[in-house]
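A closer look at the structure
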2 protein chains.
Amino acid sequence: MSKITVFETYDVRFPTSQTLDGSDAMNPDPDYSAAYLRIRTDASDGLEGHSFVFTIGRGNDVQRSAIRALAPWFLGHEVEPMLADLGGLWKSLVYDSQLRWLGPEKGVMHMAIGAAVNAMWDLRAKREGLPVWLLLSKLDPEELVGLVDFRYLSDALTRAEALDILAARQSTRAARVDHLLSDGYPAYTTTPGWLGYSDEKLVRLSREAVENGFNQIKIKVGADLQDDVRRMRLARETLGPSIGIAIDANQRWERREAIEWITALAPFDLAWVEEPTNPDDVLSHAAIARAIAPIPVATGEHGANRVMFKQFLQAEALGVLQIDATRVAGINENIAILLLAAKFGVRVCPHAGGVGLCELVQHLSFFDYVAVSGSQEGRMIEYVDHLHEHFRDPVVIESGRYRVPSRPGSGAEMWGESIEQYSIELL
Amino acid sequence: MSKITVFETYDVRFPTSQTLDGSDAMNPDPDYSAAYLRIRTDASDGLEGHSFVFTIGRGNDVQRSAIRALAPWFLGHEVEPMLADLGGLWKSLVYDSQLRWLGPEKGVMHMAIGAAVNAMWDLRAKREGLPVWLLLSKLDPEELVGLVDFRYLSDALTRAEALDILAARQSTRAARVDHLLSDGYPAYTTTPGWLGYSDEKLVRLSREAVENGFNQIKIKVGADLQDDVRRMRLARETLGPSIGIAIDANQRWERREAIEWITALAPFDLAWVEEPTNPDDVLSHAAIARAIAPIPVATGEHGANRVMFKQFLQAEALGVLQIDATRVAGINENIAILLLAAKFGVRVCPHAGGVGLCELVQHLSFFDYVAVSGSQEGRMIEYVDHLHEHFRDPVVIESGRYRVPSRPGSGAEMWGESIEQYSIELL
């Protein structure tokens, strides 16, 4: 048995607002940041559990303090029973009767729980010598459903139905692992489309995206319709008819405004429309989805928890489900969401970018392909080429596809030098 | 002109778990707490702005750190322009492009914004020498709609519709102010119904509730059906047929379970069923509401923001809307929610209890009666007789009705001695 001896948090901020990387209609000047957690044990292997919550700057100190508040659940506790029951750990945190008041299951406290749970996944994967995607892909269906909390899901997905979904894919998992190892997984790129970029930069980066093998790009919209029409025309002219163009309004519109704006941009052939309005608004997303069909609505990076995703699926309010690696309460809750998507037959195309989100979320898509949906059809992971150099195991993109990582762990671990250089102390 | 010179926060915790006051099926052992804020200025009047976020113990330090993170928006800033445009202040905080990522508009960061905004309301009311309810009741409709953010509401309520609602009540406001001053506002009591209480205590407190003039009590349910049947029978036998009994499951049930459980308790004549399931689950609440009609569903104490309330109303998922004084982003957002309720013709019966929630939320119901709904019919404010002694202006209940407070301010101000005695330092 070993015990957790260190539970350290950091407020890591990268000054990305200086270059307008990551700029969109709601987020004009983000400073990509990580409320970072490092867990150490007294085991002789020296292995650590790393994780973080992605934020965009101000408030990263608040997110850090929420993670730090979870230290009593970990410091001094035995590691092995926790790693053997990460579903139980999840419930002990999410249903802590006092902490729950701070959400419930949403916002700063919920994301902090996600970071704590994910650090334990990182440690478990390192102990087993496997990347998280492969660790998850080796778990049998019973252990996987044991990680998921089915409370509040039973009107859409029961434990038995989840078991059936997983069992149906189990015998063919090995072939999909081989396929991932040889061919990777599709990506699309948001690099060309930030709102702060000039037309020249948009065209140049769109051209480079095609040269680099991407089959889809994404363009930020929603600040000014005439600007959007001009930029969409430039992008479509540059890319030709066969490359997908998704648009992302980052919650900018009202319900009716969304429908009018999307209708005006529809002639440019839209792969999907992302975050047309407030991310809590299931009913407006459903109305927009009906109005703009067959163009699919995509959302999820601000989806607070599995109950919100359940409703978006029940209401047919999204056609592309975008999980995020650090918004919900960790890998466990994202497994629940992947199972819900499979039950409803909706494709999952994760949100990534930011800092480290590509490194994390790829594991979930690979696991989904191996064990849950069994398909790459219409599925792709967002890719943005920022800040990967700070990670010990940066994502590798070749010909527009993610290559699978082979290092053990979750992908969260930053270089110590990066943590040191970009950490600040506000408290 | 004066400037804000002090922005102090406190982690105030009362050890209520020792007596099982406040115990329910999801919250067995709350320690009622306040992440407390005190703002001081360099004005010669010496007036201060006080506010807090109510929590139930662990994590109150996280809530406090979120409030503290807002200090740069206040410290050193001029007071008068802020007080003259509290709608603008609200938007500058809620739409801060970086902070917004931490919600958006939910959880710890959103509640912190509420505390900061409410402290300025407290200060403004003290400067004008009015309790907040009367200050609000004196604002003309134009100023009131200027406090509200209609973004994401336009599919349910426009600024023009809100103006119409307010204008229709304006000429008759004075009579309702007089009525409040003479007769107060109806209350109901949750004091008898905590889950941790013995049958004997339930019966005794139920009898006392009637003797004290209350026309409705509330009983916590959801842990064990046979216990609930026994307790409901005891309560109904004690109270007779003419006193209302609401039940509160505190999110305990799944959709189908809720319908079955409520059906089993329906013979005892239920005034409403509160929080039957997860508070984010609009669609399940709507299904439960259809199944148990005409018994109304009540919810709101965990309603994260105005967009969630909008959907509950659009989906007919609640029949009793329970605003909470410190869950959403302050008085401004609660005005938006009161306007939405008026638009949909749904009665508002606030959540209170906790520590200080009665003191705060009464102002919103009084304002609603004077200027928004114009009615007390079917409306009542929750009352629990705990911890009022810590407040400078404790609520006064007579014959089952709230008497209006006359001291200037919002009701949030605790005695300095209470703050000092119950504050802890975790950071």
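As the structure is a computational prediction, the values presented were derived from the model and not from experiment. Think of each chain on its own: its residues are numbered from 1, step by step along the sequence as written. Chains carry letters from A onward and ligands carry numbers from 1 onward, assigned in written order. Totals for whole chains, interfaces and linings use all residues, but because this is a predicted model, local features are given only for residues with pLDDT of at least 70 and pairs of side-chain atoms are given and counted only at 80 or more.

1. Concerning the overall build of chain A
Counting from the N terminus, the helices are DSSP H or I runs at least four residues long and the strands are E runs at least two residues long. For chain A, the helix and strand inventory stands at 16 helices and 14 strands. Atoms counted for the radius of gyration: C-alpha only. Globule rule: 2.2 Å times the number of residues to the power 0.38. A compact globule built from 427 residues should have a C-alpha radius of gyration of about 22 Å, and chain A, at 21 Å, falls within 12% of that. When the backbone C-alpha atoms are referred to their principal axes, chain A occupies close to 60 × 50 × 45 Å. Counting other C-beta atoms within 10 Å of a residue's own tells you its class, since 20 or more makes it buried, 12 or fewer makes it exposed, and anything in between is partly exposed; those C-beta atoms are placed from the backbone. Put simply, chain A has 427 residues, and 61% of those count as buried. In this description, any two residues whose backbone-derived C-beta atoms lie within 7 Å of each other are considered to be in contact. Long-range pairs, those at least 24 residues apart, make up 77% of the contacts in chain A between residues at least 6 apart in sequence.

2. Observations regarding the relation of the copies chain A and chain B
The pair of chain copies shares a relation made of a rotation about an axis and a shift along it. Here the copies were fitted onto each other by least squares, based on C-alpha atoms from residues at pLDDT of at least 70 in both. If you rotate chain A by 180° and push it 0.0 Å along the axis, it lands on chain B with an RMSD of 0.0 Å. What the rotation and shift describe, once combined, is the action of a two-fold rotation axis. Residues of chain A ranked by C-alpha distance from the rotation axis are headed by G107 of chain A, positioned 2.3 Å from it. The overlap is high: 100% of the interface residues of chain A also sit at the interface in chain B, so the same surface is used on both sides.

3. Focus on the domain arrangement of chain A
Residue and element names in this part refer to chain A. Boundaries between domains were set according to an automatic or database domain assignment. Under the domain assignment used here, chain A contains domain 1 (4–129) and domain 2 (173–417). Put simply, the middle of domain 1 and the middle of domain 2, counted by C-alpha atoms, are 23 Å apart. With 35 residues of domain 1 at the interface, the matching set in domain 2 holds 33 residues. For the side of domain 1 that touches domain 2, the secondary structure elements donating two or more residues are β2 (33–41), β3 (48–55), α3 (86–94) and α4 (107–128). Sort the elements by how many residues they give to the side of domain 1 that touches domain 2 and α4 lands first, with eleven residues. Amino acids outside the nonpolar list (Ala, Val, Leu, Ile, Met, Phe, Trp, Tyr, Cys, Pro) and the charged list (Asp, Glu, Lys, Arg) are all regarded as polar, and Gly is one of them. Looking at the side of domain 1 that touches domain 2 residue by residue, the class counts come to 19 nonpolar, ten polar and six charged.

4. Notes on the interface of chain A and chain B
Taken together, the contact pairs 53 residues of chain A with 53 residues of chain B. The biggest single contributor to the side of chain A that touches chain B is helix α1 (residues 60–68) of chain A, with five residues. Grouping the constituent residues of the side of chain A that touches chain B by class yields 22 nonpolar, 19 polar and twelve charged.

5. Considerations on the packing of helix α4 (residues 107–128) of chain B against helix α14 (residues 330–344) of chain B
All names here are of chain B. To get an axis, fit a line to the C-alpha atoms, keeping to the stretch in contact for a helix; angles then go from 0 to 180 degrees between the N-to-C directions. Orientation of α4 relative to α14, taken along the N-to-C sense of each, is 100°, at an axis distance of 6 Å. Between α4 and α14, the angle falls in the class roughly perpendicular. Contacts from I113, G114, V117, N118 and W121 of α4 reach α14 at G330, I331 and N332. Split by residue class, the contact of α4 with α14 holds four nonpolar, four polar and no charged. For classification purposes, an angle smaller than 35 degrees is called roughly parallel, one larger than 145 roughly antiparallel, one from 65 to 115 roughly perpendicular, and anything else oblique.

6. Quick word on the environment of S418 of chain A
Considering the arrangement of structural elements, one finds S418 of chain A in helix α16 (residues 416–422). Along the primary structure S418 of chain A and V12 of chain A are separated by 406 residues, whereas in three dimensions their C-alpha atoms are 8.5 Å apart.

7. Quick notes on the confidence of the model for chain A
Regions with low pLDDT should not have their predicted coordinates read in detail. Residue and element names in this part refer to chain A. Overall, the prediction assigns chain A a mean pLDDT of 97, with 100% of residues at 70 or greater. Note on scores: pLDDT gives the predictor's confidence for each residue, bounded by 0 and 100. For chain A, strand β4 (residues 185–193) is the element with the lowest average pLDDT, namely 95, and helix α13 (residues 306–314) is the one with the highest, namely 99. Interface confidence for the predicted complex, expressed as ipTM, amounts to 0.97; the pTM equals 0.98.

8. Here's the deal with the environment of L47 of chain B
Residue and element names in this part refer to chain B. You can see L47 is positioned in the loop between β2 (33–41) and β3 (48–55). A residue is classified by how many C-beta atoms lie within 10 Å of it, and L47, with 20 of them, is buried. When the C-alpha positions of L47 and D122 are compared, they lie 9.5 Å apart, and in sequence the two are 75 residues distant. Excluding residues within four positions of it along the chain, L47 makes contact with L123, K126 and R127.

9. Overview of the environment of Y422 of chain A
Residue and element names in this part refer to chain A. Locating Y422 in the fold gives a position in helix α16. Taking the C-alpha atoms as reference points, Y422 and A34, separated by 388 residues in sequence, lie 9.8 Å from one another. Discounting chain neighbours no more than four positions away, the residues touching Y422 are V12, R13 and F14.

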